[in-house]
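Analysis of the macromolecular model
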Amino acid sequence: MLNKKTVDDLNVKGKRVLVRCDFNVPVKDGVITDDNRITASLPTIRKLMNDGAKVILCSHMGKPKGEVKPELSLAPVAERLSEKLGVEVKFAKDDNVVGENAKAAVEAMKDGDVILLENTRFRKEETKNEDNFSKELASLADIYVDDAFGSSHRAHCSTVGVTKYVAESAVGYLMEKEIEYLGNAVENPVRPFAAILGGAKVSDKINVINNLLEKVDILIIGGGMAYTFIKALGGTVGNSLLEEDKVEYAKEMIFKASQKGVKFLLPIDTVIVKEFKNDALSDIVPTGLIPDGWMGVDIGPETRSLFTEALKDAKTVVWNGPMGVFEFPNFAKGTEAIAEALAHIDGTTIIGGGDSAAAVNQLGYGDRMSHISTGGGASLEFLEGKELPGVAAVQDK
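This report concerns the structure included in the present document. What you see is a predicted model, and the numbers here were worked out from it, not measured in a lab.

1. Section: the overall build of the chain
- Each helix and strand in the chain was counted, giving 14 helices and 19 strands.
- For the chain, whose C-alpha radius of gyration is 23 Å, the value lies close to the compact-globule estimate of 21 Å for 397 residues.
- Considered along the principal axes of its C-alpha atoms, the chain spans approximately 70 × 45 × 35 Å.
- Burial status across the chain gives 57% buried among its 397 residues.
- Accessible surface computed for the chain: about 16,500 Å², of which carbon and sulfur atoms make up 47%.
- Distance between charge centres in the chain, computed from 47 positive and 59 negative side chains, equals 2 Å.

Given below as structure tokens:
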């Protein structure tokens, strides 16, 4: 599947290797609150250190939009990395990312040393993929390694532009694993192949639904996006999330599923509330009969059984998006039921980043899944069948 160079194909001893990681982690009052993405980058970093590379790490964090925002500095990441790697990761603090500190730090590096550059998005050129910044990044290194799957659907200087100005490029272990799992699921799944889509909006997942209907045996839709399909079938959805302009598209997809012989499942009962809060008074009604003034916030118990039963014999499952208002514990039952069902499946289970990944980890099922993607948006584009710029830019074997 993967015909890209990987870190195993490189000879890095004594060479300067620029690694694009995904350190876009949540930070509150200067403290990192979830370091999963940092942990995910360690195998690639350790491999390069052990092979005698001079390892220069870079990443973005948040959306500073080309301005220097101290609260979005990667300084806390350097500290956490130092703890996890057991060696000092030197932080090159330059507001312009590739400045005097970075150049001096790289100059002084010994084989096996690690430094971290400042947030690449402190430079406005980063998101525009402008050559001058790509050249500056490349000037620090002999080899480039992309291990930031979560940013691979963006053509930026640190994911795409830099590859034009280095002699050699490859993907890291994390990137390799992502492409392998998601790629195999889409191109060569063990069947039955089921996909579960949730989350708020149909519009976010339009092309995904269309592409998956060409590939899956079972398509399950829950979450806020289900109500647009319910409306397409003539149901009433009260005040639930609804994209009026997508009702026709939903009809087309329901028809396409029947033409392709895909088992297409929508919620049959729904937990409804009048007020959008965790302790709101709730009721359960058939999904197509939500009264005015009420809104759906989770799939009901019959739907949980229906979906769980449909997934029982699946051999490949891809899940992206919660089944309800997962951030309210009272309306997380549908999402929890899916996570639990997947934990018991005898096959390949792939969680497509974002809220689904958070759900699986919070419920303690993370280690029961075959693969939890680090990139929500990137995994969706992959499932759409798009080529990701950050993957395409890396050299082939």
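2. Observations regarding the packing of aromatic side chains
- Going through the model one piece at a time under the given rule, you end up with three aromatic pairs.
- Look at F149 and F382: their rings are 6.3 Å apart centre to centre, the planes differ by 45°, and that puts the pair in the tilted class. On the criterion of sequence distance, the pair formed by F149 in the loop between strand 7 (143-146) and strand 8 (168-171) and F382 in helix 13 (residues 376-383) is long-range, its members being 233 residues apart. For the pair formed by F149 and F382, the shared burial category is buried.
- Between F229 and F264, the aromatic rings sit 5.7 Å apart at their centres with planes inclined by 50°, giving tilted as the arrangement. Pair noted here: F229 is in helix 8 (residues 226-232) and F264 is in strand 12 (residues 263-265), with a separation of 35 residues, a long-range link.

3. Let's talk about the pairing of strand 13 (residues 269-273)
- Burial of strand 13 is extensive: five of the five residues sit out of reach of the surface.
- Of the two faces of strand 13, both are covered, the one formed by D269, V271 and V273 as well as the one formed by T270 and I272.
- By the bridge criterion, five bridges tie strand 13 to strand 14 (residues 282-286) in an arrangement that is antiparallel. Looking across to strand 14, one finds that I272 is bridged to D283.
- In the sheet, strand 13 pairs with strand 16 (residues 295-299) via four bridges, with the strands oriented antiparallel. Looking at strand 16, one finds that I272 is bridged to G296.

4. Some remarks on the packing of helix 1 (residues 36-50) against helix 2 (residues 75-85)
- Packing of helix 1 against helix 2 leaves a shortest axis separation of 11 Å and a crossing angle of 65°. Classified by chirality, the crossing of helix 2 by helix 1 is right-handed. Of the residues in helix 2, those in contact with I38, T39, S41, L42, I45, R46 and M49 of helix 1 are V77, R80, L81, K84 and L85.
- Looking at side-chain class alone, the contact of helix 1 with helix 2 contains seven nonpolar, two polar and three charged residues.

5. Side note on the sheet that holds strand 16
- Taking strand neighbours across the sheet as the criterion, the three strands line up as 14-13-16 in an open arrangement whose pairing is antiparallel. Two strands close off the open sheet at either side, each with one partner strand: strand 14 and strand 16. With strand direction ignored, the average angle separating the axes of adjacent strands in the sheet is 40°.
- Here helix 10 (residues 301-311) sits on the sheet in contact with strand 13, strand 14 and strand 16, set at roughly 40° to strand 16.

Parameters at a glance
Residues numbered from 1 in each chain as written. Predicted model: local features only at pLDDT ≥ 70, side-chain atom pairs only at ≥ 80, totals over all residues. Heavy atoms only, no water. Helix = DSSP H or I, 4+ residues; strand = E, 2+ residues; numbered from the N terminus. Rg over C-alpha atoms; globule rule 2.2 N^0.38 Å. Buried < 20%, exposed > 50% of the residue type's maximum accessible area, 1.4 Å probe, protein only. Areas by Shrake-Rupley, 256 points an atom, 1.4 Å probe, with all protein chains shown as cover. Lys, Arg positive; Asp, Glu negative; His and termini not counted. Charge placed at Lys NZ, Arg CZ, Asp CG, Glu CD. Phe/Tyr/Trp six-rings, centres within 6.5 Å; stacked < 30°, edge-to-face > 60°. Pairing = 2+ DSSP bridges. Axes fitted to C-alpha atoms, helices over the stretch in contact; angles between N-to-C directions. Left-handed = near helix turned anticlockwise from the far one by under 90°. Contact = heavy atoms within 4.5 Å. Nonpolar A, V, L, I, M, F, W, Y, C, P; charged D, E, K, R; others polar.

Coordinates in, geometry out; function isn't part of it.
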